Amino acid sequence: MKKGITQYAVGEQVDTFLLVKQSNKGVTTTGNPFMSLVLQDKSGDIEAKLWDTKEEHEKMYAAETIVKVGGEIHNYRGKNQLRIKSIRPARPEENQSISALVPSAEKSKEELYEELVQFFFEMKNPKIQRITRHILKQYQQEIMTFPAATKNHHDYVSGLADHTVSMLRLGKSLCELYPSLNKDLLYSGIILHDIGKVFELSGPIATTYTLEGNLLGHISIMVTEIAKTAQELEIEGEEVLLLQHMVLSHHGKEEWGSPKKPMIKEAEILHYIDNIDAKMMMLDRALEKTKPGEYTERLFPLDNRSFYKPEFGS
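Residues numbered from 1 in each chain as written. Predicted model: local features only at pLDDT ≥ 70, side-chain atom pairs only at ≥ 80, totals over all residues. Heavy atoms only, no water.

Looking only at helices and strands, the protein chain has eleven helices and five strands in total. Against the 2.2 N^0.38 benchmark of 20 Å for 314 residues, the protein chain shows a C-alpha radius of gyration of 21 Å, consistent with a compact globule. Along the first, second and third principal axes, the C-alpha set of the protein chain runs to 60 × 50 × 40 Å. Counting every position in the protein chain, which comprises 314 residues, the buried fraction comes to 46%. Considering only contacts within the protein chain whose residues lie at least 6 apart along the sequence, 56% involve residues at least 24 apart. Carbon and sulfur atoms make up 52% of the accessible area of the protein chain, which amounts to about 16600 Å² in all. Distance between charge centroids for the protein chain: 4 Å, based on 39 positive and 45 negative side chains. (Helix = DSSP H or I, 4+ residues; strand = E, 2+ residues; numbered from the N terminus. Rg over C-alpha atoms; globule rule 2.2 N^0.38 Å. Buried < 20%, exposed > 50% of the residue type's maximum accessible area, 1.4 Å probe, protein only. Contact = heavy atoms within 4.5 Å. Areas by Shrake-Rupley, 256 points an atom, 1.4 Å probe, with all protein chains shown as cover. Lys, Arg positive; Asp, Glu negative; His and termini not counted. Charge placed at Lys NZ, Arg CZ, Asp CG, Glu CD.)

So this is what it looks like as structure tokens:
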């Protein structure tokens, strides 16, 4: 099997087709223009710099462009980067497809959806169940194909669904361990908490933030959606307010982008579940690229720490 871009070691030569995931222009301290690129294949992505660029390069290497790249992997501030030696757009006769270069969830969107809907059968509160089902059905296509983020965790096709189902499994285990948890609130909070990302993000390929995403954010978008759905279904009561609070507080702290801190037990647990699943994804991804007895690259969302991969049990 052909090696993916994230599986190369420092010093190795690269000669392969990659998809431009992100493309941004910049200027050096001496005034020379350059481009910061994020290039990807099925294995994940890597950062690269293209120096001494011209205006035409911005269109030539825009996001969603497939390129043929030659270069070498080097380490920059504890993280692998690709030092580009040659780059050009892929030619039509080379028959490269975007779908072959975009990472996706291990399970199909159909399998993920089937697992997700099984959790509704455990819900007993009709108001919570109706609101959650309605929103899921309304945005089903986007929910099952969108990523959960632009980078760091679940940033691939069907990543949002993958993240949600993983969190539901964890939530189910915690409800069995702590029966006092309200299963309806927790399951619904897990399903709804990130659905606002189908408005916040542009889509599953070359994902960027939309205008709505930048100006409002997925949390406030979803709080409004819950209120609109409740009104449409003519549902009133404390349940609507509690679901809004679950979404509002799931980031846990104001400095982490949470408008409110959790003030009910299920909201506190939702925050922990979300945090655990995101961080485990980051750690697993970094450790997969690391040899036993060595350290991962620095992980910025984890306090810029490097993690050791033990030789024992490898």
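Ranked by size, the top nonpolar core spans 53 residues in total, and within it Ile135, Leu186, Leu192, Ile195 and Ile226 carry the most contacts. If one sorts the elements of this core by residue count, helix H5 (residues 159-177) sits on top with seven residues. Judged by nonpolar contacts, the second largest core, of 18 residues, contains Leu18, Leu50, Val69 and Leu82. (Core = buried A, V, L, I, M, F, W, Y, C linked by side-chain atoms within 4.5 Å.)

Let's shift gears to the sheet that holds strand E2 (residues 33-41). The strands that make up a sheet pair up through hydrogen bonds in the backbone, lying either parallel or antiparallel. In space, the five strands of this closed barrel follow the order E1-E2-E3-E5-E4, with mixed pairing throughout. Ignoring strand direction, the axes of neighbouring strands in this sheet form an average angle of 50°. As paired strands, strand E1 (residues 13-27) and E2 are joined by eight bridges and run antiparallel to one another. Note on E2: the bridge partner recorded for Asn24 is Ser36. (Pairing = 2+ DSSP bridges. Axes fitted to C-alpha atoms, helices over the stretch in contact; angles between N-to-C directions.)

Right, let's talk about a nonpolar patch on the surface for a bit. Residues Leu211, Leu215 and Leu216 make up a contiguous nonpolar surface patch of about 360 Å² in total accessible area. Tracing the backbone through its elements, the reader meets Leu215 in helix H8 (residues 211-215). Its relative accessible area of 64% is what places Leu215 among the exposed residues. (Patch = residues over 30% accessible without salt bridge, like charges linked within 9 Å, V, L, I, M, F, W, Y side chains within 5 Å. Salt bridge = Lys/Arg side-chain N within 4 Å of Asp/Glu carboxyl O.)

The next subject is the domain arrangement of the protein chain. The domain boundaries assigned to the protein chain delineate domain 1 (12-100) and domain 2 (109-283). For domain 1 versus domain 2, the distance between C-alpha centres works out to 34 Å. Contacts between the two partners involve eight residues from domain 1, matched on the other side by five residues from domain 2. For the pairing of domain 1 and domain 2, the buried interface totals around 480 Å² over both sides, and the portion due to carbon and sulfur atoms is 54%. The three residues of domain 1 that bury the most area against domain 2 are Lys21, Gln22 and Glu64, which together make up 70% of that side's buried surface. Our enumeration of links across domain 1 and domain 2 arrives at one salt bridge. Put simply, Lys21 and Asp155 hold a salt bridge, and the shortest N to O gap is 3.2 Å. (Domains from an automatic or database assignment. Buried area = accessible area lost by both parts, 1.4 Å probe.)

Here we take up the packing of aromatic side chains. Tallying each qualifying case throughout the model produces four aromatic pairs. Taking 5.2 Å as the distance between ring centres and 85° as the angle between the ring planes, the aromatic pair formed by Phe119 and Tyr187 counts as edge-to-face. Here Phe119 is found in the loop between helix H2 (109-117) and helix H3 (126-138), whereas its partner Tyr187 is found in helix H6 (residues 183-192), with 68 residues between them in sequence. In terms of burial, Phe119 and Tyr187 fall into one category: buried. When the ring of Tyr139 is compared with that of Phe199, the centres are 5.2 Å apart and the planes differ by 75°; the resulting orientation is edge-to-face. One end of the pair, Tyr139, is in the loop between H3 and helix H4 (140-145); the other, Phe199, is in helix H7 (residues 197-200), and 60 residues separate them in sequence. The same class applies to Tyr139 and to Phe199, which are both buried. (Phe/Tyr/Trp six-rings, centres within 6.5 Å; stacked < 30°, edge-to-face > 60°.)

As for its position among the elements, Thr290 is in the segment after helix H11 (265-288). A polar contact of 2.7 Å, which involves the side chain of Thr290, links it to the backbone oxygen of Ala286. If we ignore the near neighbours within four places in the chain, the residues touching Thr290 are Tyr295, Thr296 and Lys309. (Polar contact = N/O pair within 3.5 Å; in protein donor to acceptor, adjacent residues only side chain to side chain.)

Turning to the packing of H3 against helix H9 (residues 218-232), a few remarks are in order. Two elements in contact, H3 and H9, have axes separated by 10 Å at closest approach and are oriented at 110°. Comparing their axes, H9 and H3 come out roughly perpendicular. In this structure, the crossing between H3 and H9 has a hand that is right-handed. Contacts between H3 and H9 pair Ile131, His134, Ile135 and Gln138 from the former with Met222, Glu225, Ile226, Thr229, Ala230 and Glu232 from the latter. Classifying every residue of the contact of H3 with H9 by side-chain character gives five nonpolar, three polar and two charged. (Parallel < 35°, antiparallel > 145°, perpendicular 65-115°, else oblique. Left-handed = near helix turned anticlockwise from the far one by under 90°. Nonpolar A, V, L, I, M, F, W, Y, C, P; charged D, E, K, R; others polar.)

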